[in-house]
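Spelled out, the chains give:
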Amino acid sequence: MKTSTTLLAAVSALAGSAAAESMAVLKQMKIDAWAAQNEAGVYDINRYAAQAATSCVNGKAGEYQCKNVDLVSFLRHQDMGSSTRKGNDIWGWTAPNGREFGAVGQTDGTAFVEVKSDGSLVYLGRLPTQTTSSSWRDMKVIGNHVYIGAESSNHGLQVFDMTKLLTITTPKTFSISSDLTARFTGFGNSHNIVAHEETKMIYAVGTGTAAGCSGGLYMVNVTNPATPTSAGCLSAGGYVHDAQCVIYKGPDTRYTNKEICFNFNEDTLDIVDVTNKKSPTTLSSTSYNGASYTHQGWLSDDSMRYLLLDDELDEQNKKGVAANQRTTTYIVDIKSLTAPKFTGTYQSPAKAIDHNQYVKNGLSYQANYGSGLRIINVKSLATDPTGKGITEVGYFDCHPEDDSVGGKAEFVGTWSVYPYFKSGFVLLNSIERGVYSLKYTGPQ
Ligand SMILES: *[C@@H]1O[C@H](CO)[C@@H](O)[C@H](O)[C@H]1NC(C)=O
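Residues numbered from 1 in each chain as written. Predicted model: local features only at pLDDT ≥ 70, side-chain atom pairs only at ≥ 80, totals over all residues.

Quick notes on the overall build of the protein
Next, step 1: Within the protein one finds two helices and 31 strands.
Next, step 2: Its C-alpha radius of gyration of 20 Å places the protein within 12% of the 22 Å reference for a compact globule of 444 residues.
Next, step 3: Expressed as lengths along the three principal axes of its C-alpha atoms, the size of the protein is roughly 50 × 50 × 45 Å.
Next, step 4: Partitioning the contacts of the protein with sequence separation of at least 6, the portion at a separation of at least 24 is 55%. (Helix = DSSP H or I, 4+ residues; strand = E, 2+ residues; numbered from the N terminus. Rg over C-alpha atoms; globule rule 2.2 N^0.38 Å. Contact = placed C-beta atoms within 7 Å.)

In structure tokens form, the structure reads like this:
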């Protein structure tokens with residue numbers, strides 16, 4: 001586990017003395033890659049054409065390679081009011097009356113779309129960035145509110161009431177003062193926002209030095225969204241890149257009903273008990289062969305026995321099994337929260353870096369940068385923890401530029417995916433192009 005992400009850590013990682021890269025190094029790699037993309041015109045206005053619904057037939061939906069995934073609707077970043085035309089994270093909200101909405105991250109703000117009952121997307125408006133633009137903007141939803149952070153200095157946490165969207169008829173640019181339910185300023189910049197709906201907690205991760213939490217879990221109690229309050233901090237493990245937090249109901253009965261977070265900590269998986277916000281405890285900190293940048297992950301099902309973990313730099317750095325640059329997902333047996341075991345890996349047929357994945361009904365929806373959305377069936381883990389039984393059941397490759405060479409391990413294509421709408425429509429946010437409404441048509 002890392003103790004800090006100071007310049008010193010960055011320098012030692014550059015010198016090759018650290019096992020994994022630090023966030024400072026990773027951020028600079030991306031800044032350089034995206035500057036080159038910008039130079040090449042990939043974010044230019046009118047660079048991409050608007051697109052109509054297109055079914056996946058014989059492996060293609062229009063220009064996109066696909067399998068069992070139809071293109072239902074698409075909106076370019078420029079069609080959603082962005083002047084930077086560059087996307088990042090995404091999350092969804094379902095209104096009490098069942099209407100479905102997306103909060104689409106862009107470097108200069110958050111765009112709101114409705115996913116109509118036929119899956120088509122309607123742009124409703126946007127909430128601009130609180131301060132400056134940043135490549136990193138992250139949003140999660142609890143109840144009727146979306147919580148938005150960014151790597152922009154003094155940004156803080158925007159709290160926006162999604163029910164404002166229910167009456168919109170023409171797209172509206174919301175005010176970053178009068179239209180906010182609240183703005184939490186206990187931290188300025190943050191890298192990522194983790195939401196735990198059951199406990200009404202937001203855990204901001206990767207916050208800046210001034211926040212005083214070493215980039216660990218910065219806990220914000222949003223029980224009352226209008227008055228978010230600081231509830232505690234977990235700094236012991238240093239920088240946390242992302243996390244999933246649950247009320248634990250898994251096999252390790254020592255922790256039944258405790259609030260447990262699985263933290264993706266740059267070079268380790270850290271499992272922590274945050275039941276007592278004032279005094280969180282680390283249960284284990286575990287590294288693995290191939291560790292390059294432990295990025296994100298998700299429990300494979302409600303039994304809480306296995307965890308899927310993605311490492312963002314193993315493909316590019318050709319480390320461990322990822323040396324062939326095929327997207328590698330690590331499987332962790334978390335039967336014991338104090339002694340998790342890495343039991344195997346799944347490798348995608350496609351070469352690409354992995355970024356974010358979310359599991360729904362035994363299918364993991366992976367946003368894998370240049371190879372787009374990849375859907376894998378992980379139900380076999382219950383009987384085979386090696387990962388050999390995992391199969392790819394669908395995909396939609398939103399980045400055709402690298403298709404002719406079989407994919408590349410680069411920071412291009414998709415950033416994240418939201419698969420949890422009851423309608424089954426899946427939202428995929430692409431960095432360069434815009435947001436896609438997709439429908440998976442394969443076996444469940
Ligand atoms: C969160 O806030 C609510 C309402 O103020 C309070 O009842 C609860 O104890 C708080 N929880 C924590 C963990 O601070």
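From this point, things continue past the structure.
Some words on the site of the ligand
Next, step 1: In the vicinity of the ligand, the contacting residues are N221, T223, N224, A231 and K277.
Next, step 2: Grouping the amino acids of the shell around the ligand by side-chain chemistry returns one nonpolar, three polar and one charged. (Near = placed C-beta within 6 Å. Nonpolar A, V, L, I, M, F, W, Y, C, P; charged D, E, K, R; others polar.)

Brief notes about the nonpolar core
Next, step 1: Counting residues in each nonpolar core, the largest one holds 113 residues, and the members touching the most others are V113, Y147, Y203, L217 and L438.
Next, step 2: In this structure, L438 is in contact with V69, D70, L71, V72, L373, F396, F425, V426 and L428, ignoring residues within four places of it in sequence.
Next, step 3: Grouped together as the second largest cluster of nonpolar side chains are five residues, L26, A291, Y293 and L313 included. (Core = buried A, V, L, I, M, F, W, Y, C linked by C-beta atoms within 7 Å. Buried ≥ 20, exposed ≤ 12 C-beta atoms within 10 Å, placed from the backbone.)

Details of the sheet that holds strand β27 (residues 373–377)
Next, step 1: Judged by pairing direction, the sheet is antiparallel, and its six strands sit side by side in the order β1-β2-β28-β27-β26-β25 without closing on themselves. In this open sheet, the two strands that pair with only one neighbour each are β1 (60–61) and β25 (356–360).
Next, step 2: Note that β1 and strand β2 (residues 64–67) share two bridges and pair antiparallel. Among the inter-strand pairings, K60 is bridged to a residue of β2, identified as Q65. (Pairing = 2+ DSSP bridges.)

Some words on the sheet that holds strand β10 (residues 157–161)
Next, step 1: The sheet built from four strands is open, its strands ordered β8-β9-β10-β12 with antiparallel pairing. Sheet topology places β8 (137–142) and β12 (182–184) at the edges, where each strand pairs with a single neighbour. Mean inter-strand twist for the sheet, computed between neighbouring axes without regard to direction, equals 20°.
Next, step 2: As paired elements, β8 and strand β9 (residues 145–150) share six bridges and run antiparallel to each other. Across the sheet, the residue bridging to R137 is A150, located in β9. (Axes fitted to C-alpha atoms, helices over the stretch in contact; angles between N-to-C directions.)

A word on helix α2 (residues 23–39)
Next, step 1: Along its 17 residues, α2 runs 24 Å from first to last C-alpha, staying within 8% of the 24 Å computed at 1.5 Å per residue.
Next, step 2: Immediately downstream of α2, the backbone of G41 shows phi near 85°, a positive value. (Expected span 1.5 Å × (residues − 1).)

Some points on the pairing of strand β7 (residues 121–128)
Consecutive side chains of a regular strand alternate in pointing toward one face of the sheet and then the other.
Next, step 1: The sheet contact formed by strand β6 (residues 109–115) and β7 spans seven bridges and is antiparallel. Along β7, the bridge assignment pairs E114 with V122.
Next, step 2: Where β6 folds back on β7, the antiparallel hairpin that results is connected by five residues, among which G119 adopts a positive phi of roughly 90°.
Next, step 3: As judged from the two bridges shared by β7 and strand β11 (residues 172–173), these two strands associate in the parallel manner.

Considerations on the confidence of the model for the protein
Next, step 1: Per-chain confidence: the protein averages 95 in pLDDT, with 96% of residues scoring 70 or above.
Next, step 2: Taken as a whole, residues 2–18 scores under 50 in pLDDT and shows 29 contacts with residues more than four places along the chain or in a different chain. (pLDDT = per-residue confidence, 0-100.)

Notes on the environment of F342
Next, step 1: Relative to the helices and strands, F342 resides in strand β24 (residues 341–351).
Next, step 2: Residues within four places of F342 in sequence aside, it is in contact with Y288, Y330 and V332.

A closer look at the environment of H191
Next, step 1: Following the sequence through the fold, H191 ends up in the loop between β12 and β13 (192–196).
Next, step 2: For the pair formed by H191 and E151, sequence separation is 40 residues and the distance between their alpha carbons is 5.5 Å.
Next, step 3: Once you skip the residues sitting within four places of it in the chain, H191 turns out to touch W136, E151, V205, G206 and H241.

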